[in-house]
Amino acid sequence: MQKLESYIEGKWVAGSGEGVPMIDAVSGETIALSDTSGFDFEKVLQYGRKQGDTLRRMTFQERGNMLKKLALHLTKKKKQFYEISYKTGATKIDSWIDIEGGFGNLFANASLRKVFPNQAFDVEGDPIDLSRGGRFMAHHILVPKEGVAVHINAFNFPVWGMLEKCAVNWMAGMPAVVKPATNTAFLTEAVVREIIQSGILPEGALQLISGSARSILDTVESQDVVTFTGSADTGRMLKSHKRLLQESVPFNMEADSLNASILGEDAVPGTPEFDLFIKEVRNEMTVKCGQKCTAIRRVIVPEKLVEDVQIALGKALSKVTIGDPRLKEVRMGALVSQDQVQEVRERVQDLSQTASLVYGDLEHIETIGADAKKGAFMSPILLREDKPLQNLAVHDTEAFGPVSTIMPYKNLDEAIKLSKMGKGSLVSSIATNDDQVARDYTVKAATHHGRILVINRESAKQSTGHGSPLPMLVHGGPGRAGGGEEMGGKRGIKHYMQRCAIQGSPTTLTEITGIYQPKAKYKEAEMHPFAYHWEDIKPGMSLKTHNRTLTDTDIVNFGNLTWDHFYAHTDITSLDGSIFEQRTAHGYFIISAAAGLFVYPNKGPVAANYGLEEIRFLRPMYHNDTIQVRLTCKEKVDRDQKGKELPSGIVKWYVEVFDVNAVEEEDKLVAIATILTMVQKKQTTFTEITEEVIDSALAKLNEDTQPVWGEMSPQHMVEHLETSYRIASGEIQDFEIATPEKYLDDTRATLWNYKKMPKNYNFPLYKEGELPTLKHDSLTEAKEKMKEARKAYLEFFKKNPKATNKNAVFGELTKYEWELLERKHLNHHFEQFKLF
């Protein structure tokens, strides 16, 4: 029998022992053997720590783009993972939650690169002035920990469970060692194998242990982070491991909990909320066969509606078909193993000591397309506990399968009390169309639940449901649920970073943080800051402007232009008792006037005003006061290229407006603001195309020049460029655009980026796999004809600057887009023949 391999210390290896069988949950057949005998877990962790330096040095933008690239790659390969997932007992819907939900975590965390600085560490919060003069200050930074993230995961989500954690630690700059549950590790292994083969992650960023790893915590160190998902009993045992205590290793626990869903008293039969509640409970009982840490275990309903809920749930559950998850007609597959079936049965029997079984059968099960005796199948089980305040088993005992218990409540306070008796859960929900009831429940119950969902008709179509943790929300809960938090956007990433308070002068902290700190020394720019490309702008780069006097006419005109006729600007007879002494300049006029002083009028790298983050008016300015402005680069934020725009980044500028005539130092600063500009990046990928550049390249080309790729001869290449110029000038237009309409905008947008054209692309006007017949007698003649065609192209757009001509790949192109295409196209083919 084949052994499942682990990926450790840069290679795929199998254990040296006999191995433990891994069973197909549907057929009962052995899939593979799991074995980690002979593994040195201390070396595994040491390897991750050492190799993790590459990941730690990457910026947030680089890590985010890495995650996005990985998510796209895995999404293309998802079909193969579905086939494997069926063996875990999961239906297609179950697998979608696990597989594509996991990939979604990569996408979601990749997008967080936009909210982090363009560096390897984060700067948290606002600067703190520690002295009256502002020359001694503090800030907080978060740097990647220098250890490894050890993830010990449960069996129910072998893909999501891994990627929802790894996406976060990778974004933080920390490598991971993943230990999935043995029962379903074969699916995790398949995904990891594809990740490693892609080469997208730096080596050491991910290691996989496919099987038992009982001693892995024995050698963790203080810079490591351990996370656990699974049963509360196992979690508590691991949490108390002496090595964790000795080294003060952060430990995050996410444990199965007795999650509760409440039916509001207003949600009576016939209301949308009642129907939504029944649907939600049924889904949470049957999706993944109820093997979800967020599943609804306690169904808390008004005592007058217990019978209605019991009947409605029974009808809903009766429609759930069970069997081979590959079949379309099957709605619920198998539990993960026969052992799990037996454990769930035992827990149901424990609950049945006081609760009544009102739907389902522990012994009999009807299946479609599968043998109920060989597979790990089980009927949905619905229990009813009429005395939930007295009989506590329902609040203490969890059957980790398709099992829920109905219980009554007298009023909302009692419902809240019952929800809290589970001693902490990952999620609770309430179905109600009464927002006051929703508020009362949420505020009073929030102490005992990690997340609360309000179910009603307004959000129903967009709601992700009771049991769906989302990457941007924290996932975890108090008490029994483990007391930890995962995900949560930036919050989750910070779990894998070390926070450090830093103190010093504003100038020093500017250099440390990469963010300009108020009152730091300025770096006077040699040119106007708006004349620099994004890469050349540095925090602290500054410009001091000329003066401008604010006149009475300016204030009146601004009021007339904007219709802002606030009395302080227009009625000087009404100033008594106000903070104003004279006719006062509009705050927004002061900022507008400041912009007029610092804006660079010439066309340059600044592509657009991107917005305003903060603005403060510190004291009034009056007519005949004179202002001066200091513009300083505060921070740079990287930005992905989007659509038809040149690659650019965002620069945040700190704007200080001063009263030139103020006598006291503290009165000089009258307004501050942070403005954002979109600044173009340097184009360093391509050689700019000129007649001289073309002549120089063609002079190097002869009949014997061999291409680096492709089958074109030198003359084929030159004649291809000639054809392209004749298309650009409109001489050749008798062809159809090959790119489908729905992809055309995205395809055209690629002209604007700085990425090279793909090699070995088949030109759509040529027959597949064939080169066109040569038109000219020699390479020399072809060169001349190409240059004539280029001259005609340039002349055409000189006379017709607003014209567009179609291209077979990119569609209708403007003059500027043809210039972008020319630069990419000639660079592509000149590099093909080593002319550049």
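Remember, predicted model here, so these are calculated numbers, not experimental data. Counting of residues starts from 1 at the beginning of each chain's written sequence and follows it residue by residue. pLDDT decides what is reported in this predicted model: residues at 70 or higher carry local features, side-chain atom pairs at 80 or more are listed and counted, and totals for whole chains, interfaces and linings draw on all residues regardless. By convention in this description, side-chain values take in all heavy atoms of the structure and omit both hydrogens and water.

One can describe the packing of helix α5 (residues 92-111) onto helix α6 (residues 160-172) by two numbers: an axis separation of 8 Å at closest approach and a directional angle of 10°. It follows from the interaxial angle that α5 and α6 lie roughly parallel. Residues I97, D98, G101, G102, F103, N105, L106 and N109 of α5 form the contact with α6, whose participating residues are W160, G161, L163, E164, A167, V168, W170 and M171. Side-chain classes follow a simple rule in which Ala, Val, Leu, Ile, Met, Phe, Trp, Tyr, Cys and Pro form the nonpolar group, Asp, Glu, Lys and Arg form the charged group, and the remainder, Gly included, forms the polar group. Across the contact of α5 with α6, the residue classes tally to nine nonpolar, five polar and two charged. Interaxial angle, 0 to 180 degrees, is taken between N-to-C directions of lines fitted to C-alpha atoms, where a helix line uses only the stretch in contact. Labels follow the DSSP assignment, with helices taken as runs of H or I lasting at least four residues and strands as runs of E lasting at least two, numbered in each case from the N terminus. To sort the angles, those under 35 degrees are grouped as roughly parallel, those over 145 as roughly antiparallel, those from 65 to 115 as roughly perpendicular, and the leftovers as oblique. Throughout, a residue-residue contact means that at least one pair of heavy atoms, one from each residue, lies within 4.5 Å.

Our next topic: the sheet that holds strand β24 (residues 541-549). Any two strands with at least two DSSP bridges between them are considered paired. Spatial ordering of the open sheet is given by β23-β24-β26-β27-β28-β25, a layout of six strands whose pairing is mixed. The sheet is open, and its two edges are formed by β23 (523-524) and β25 (606-617), each paired on a single side. As defined by bridge partners, strand β27 (residues 648-659) adjoins strand β28 (residues 669-680) across 11 bridges and the pair is classed as antiparallel. Residue pairing in the sheet places V657 in a bridge with A671 of β28.

Our next topic: the sheet that holds strand β22 (residues 497-504). An order of β6-β7-β22 is seen for the three strands of this open sheet, with the pairing classed as antiparallel. Because the sheet does not close on itself, it has two edges, and the strands there are β6 (122-129) and β22. Averaged over all neighbouring strand pairs, the angle between strand axes comes to 20°, with direction disregarded. Judged from the five bridges that link them, β6 and strand β7 (residues 137-144) form a sheet pairing that is antiparallel. Within the sheet, the bridge partner assigned to I128 lies in β7 and is A138.

This paragraph deals with the environment of S248. Of note, S248 is situated in the loop between α9 (242-247) and β12 (251-255). Throughout, exposure labels follow a simple rule: accessible area from a 1.4 Å probe, protein chains only, divided by the maximum for the residue type, with under 20% read as buried, over 50% as exposed, and the rest as partly exposed. Classification of S248 as exposed rests on a relative accessible area of 59%. For the pair S248 and D224, spaced 24 residues apart in sequence, the C-alpha to C-alpha distance is 9.4 Å.

Residues L74, L106, L163, W170, I195 and I493 are the most contacted members of the largest nonpolar core, which totals 49 residues. Elements with a contribution of two residues or more to this core: α3 (60-76), α4 (78-85), α5, α6, β9 (176-179), α7 (185-198) and β10 (206-208). Among the elements that make up this core, the one with the highest residue count is α6 (eight residues). The contact partners of I195, leaving out residues within four places of it in the chain, are L70, L74, M162, L163, I200, L201 and L206. Only buried residues count toward a nonpolar core. Its members are Ala, Val, Leu, Ile, Met, Phe, Trp, Tyr and Cys residues joined through side-chain atoms within 4.5 Å. Within the second largest apolar cluster, 38 residues are counted, among which are I694, M712, A789 and Y793.

This part takes up unusual backbone geometry. In this model, S248 sits at a positive phi of 50°, which is unusual for a non-glycine residue. In this model, M487 sits at a positive phi of 55°, which is unusual for a non-glycine residue. Given a relative accessible area of 4%, M487 falls into the buried group.

With that settled, the discussion passes to helix α12 (residues 338-351). Here the expected length of a helix is defined as 1.5 Å per residue gap, with one fewer gap than residues. The end-to-end C-alpha separation of α12 is 20 Å, in line with the 20 Å expected for 14 residues at 1.5 Å each. Where α12 is concerned, the buried positions are Q340, V341, V344, V348 and L351. Taken end-on, α12 shows its buried residues confined to a sector of 100°, consistent with a single buried face. Next to the buried residues of α12 lie β16 (381-384), α13 (393-396) and β17 (403-409). Think of the arc as the fan of directions from the helix axis to the C-beta atoms.

Let us now look at the packing of aromatic side chains. Centres within 6.5 Å are what make two rings of Phe, Tyr or Trp a pair, Trp counting through its six-membered ring; a difference in plane orientation under 30 degrees is then read as stacked, over 60 as edge-to-face, and the rest as tilted. One pass over the full model with this rule turns up 20 aromatic pairs. Ring geometry for F530 against F598: centres 6.2 Å apart, planes inclined by 80°, an arrangement best described as edge-to-face. A residue pair is termed long-range when its members are at least 10 positions apart, and F530 in the loop between β23 and β24 and F598 in helix α20 (residues 587-598) qualify at 68 residues. The burial state of F530 is the same as that of F598; both residues are buried. On the numbers, 5.4 Å between centres and 45° between planes, the contact of F558 with F589 is tilted.

Among the structural elements, A255 can be located in strand β12. C-alpha of A255 to C-alpha of T294: the two residues are 39 residues apart in sequence and 9.5 Å apart in space. Beyond its immediate sequence surroundings of up to four residues, A255 is in contact with G230, S231, A232, L426, R480, A481 and G482.

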